[in-house]
Amino acid sequence: MSDTTQKTNLIGLSRAELAAEMGAIGEKPFRAKQLWHWLYNRGETDFFKMTSISKVMQARLAEHYEVRRPLVERELTSVDTTRKWLLKFEDGNEAETVYIPDEDEQRGAVCISSQVGCTLTCKFCHTGTQLLVRNLNAAEIVGQFMLARDSYGEWPTPDDSTRLLSNIVMMGMGEPLYNYDNVATALKILMDGEGIGISKRRITLSTSGVVPMMARAGAELGVNLAISLHAVTDEVRSRIMPINKKYPLKELMAACRDYPGASNARRITFEYVMLKGVNDSLADARELLRLVKGLPAKFNLIPFNPWPGSEFECSGMKDIRAFSDLIQDQGYSAPIRKSRGSDILAACGQLRSESQRQKCSRLNERLAAGIGDDHHAVPAA
């Protein structure tokens, strides 16, 4: 329970933690269930509008607690209807969240960030130019989806067939598996059927290849897996994604083969940004097929989205189509992703907040542990 000067934010608490808070103020466990419904099904932020709770209890909750989303510093909508939010947190740090509509614009995915900055430094990714400041906590992760619902007026939780914000992709700023505990807590809240109720089959977690955490994520969360791959040899991948020096392709592909729940019905997505003269030859495509042989796999070919100061160029569309055709001729899905939101820097690899880089103890600990600039990468946004 909080003191009189700092109220506890109820968003981001697990069911058990919420029940413990109610116990701390002398309330029965059923209060936690009531609150869960109001917080995550109704999206309510005002205790005095929670009509199934007595006025006395409403006042008690307001005395000790609050329901807080991240602050929206700026909201931008692209000409293609992609929407991006620049968020500011209590400590002044910032991150970005993006809603990406499907082609028919009837449904779409909310792309959620897991860190301020990134633990990793992909050479082709704008996010990777901003060093890690800190991990986002569970409230800040859950809050991103909730504020997207606020923006689109999708409270109370709509029926699955009518949802506009139908999917979640953990592909924003940061490497989710380097912030696993907070990401896992947040995703369990988002998947809870009595609240927001996003099915695990509609959630995709993207990783640059934090091999030791992949099996745990699969076993505990059961969400779809996407691998930010982008190269087919250790030499090239280590150059553009230095995490490969720590977890090379052989180890990464073995972890993919062991990922719990992967099947032909739930294929692993391999994200592949197309970089001119770097990874886009037909020889690269053939090697890519060799790498995934025997895996339930599909591909997402991503034309490189330029950003100020980048050293790379996008592959020509003729080369991208030839790359895609070769893969699809072997029976794999390999669509060319249509860039969305590039006019507001919301496209893949373009997310980057304006937060000041801070030398925090968490970053120093990572550097001391050897997880610094020599082992950096970032999943596609």
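The model shown is predicted, which means the values in this text are computed figures rather than measured ones. (Residues numbered from 1 in each chain as written. Predicted model: local features only at pLDDT ≥ 70, side-chain atom pairs only at ≥ 80, totals over all residues. Heavy atoms only, no water.)

Caption draft 1: Expanded view of the overall build of the chain. A tally of regular secondary structure across the chain gives 11 helices and 13 strands. Taken across its 381 residues, the chain has 59% of its residues classed as buried. At a minimum sequence separation of 6, the contacts of the chain that also span at least 24 residues come to 68%. Here the chain displays about 15900 Å² of accessible surface, and carbon together with sulfur accounts for 49% of that area. (Helix = DSSP H or I, 4+ residues; strand = E, 2+ residues; numbered from the N terminus. Buried < 20%, exposed > 50% of the residue type's maximum accessible area, 1.4 Å probe, protein only. Contact = heavy atoms within 4.5 Å. Areas by Shrake-Rupley, 256 points an atom, 1.4 Å probe, with all protein chains shown as cover.)

Caption draft 2: Broad picture of unusual backbone geometry. Geometrically, the link from Trp155 to Pro156 is a cis peptide bond, its omega value of -5 degrees lying close to zero. Take Pro156: it is sitting in the loop between α4 (138-152) and β9 (165-170). Positive phi, close to 80 degrees, is recorded for Thr81, a residue that is not glycine. Its location among the elements puts Thr81 in the loop between β3 (71-77) and β4 (83-88). For Thr81, a relative accessible area of 30% corresponds to the partly exposed category.

Caption draft 3: Quick peek at the pattern of salt bridges. Summed over all chains, the structure comprises 18 salt bridges. Among the salt bridges present, the one from Arg60 reaches Glu27, with a minimum N-O distance of 2.7 Å. Linking Arg60 in helix α3 (residues 55-64) with Glu27 in the loop between α1 (15-24) and α2 (30-41), this pair joins segments that are 33 residues apart in sequence. Given a relative accessible area of 30%, Arg60 falls into the partly exposed group. On the basis of relative accessibility, which here comes to 17%, the residue Glu27 falls in the buried class. With its nearest N and O atoms 2.1 Å apart, the salt bridge here joins Glu66 to Arg68. (Salt bridge = Lys/Arg side-chain N within 4 Å of Asp/Glu carboxyl O.)

Caption draft 4: Expanded view of α4. The end-to-end C-alpha separation of α4 is 22 Å, in line with the 21 Å expected for 15 residues at 1.5 Å each. The principal kink in α4, of about 30 degrees, is found at Gln144. Three or more residues of α4 are buried, namely Ala138, Ala139, Glu140, Ile141, Val142, Gly143, Gln144, Phe145, Met146, Leu147, Ala148 and Arg149. Immediately beyond the C-terminal end of α4, within one or two residues, lies Gly153, with a positive phi of roughly 65 degrees. (Expected span 1.5 Å × (residues − 1). Bend = angle between axes of the 7 residues up to and from the residue.)

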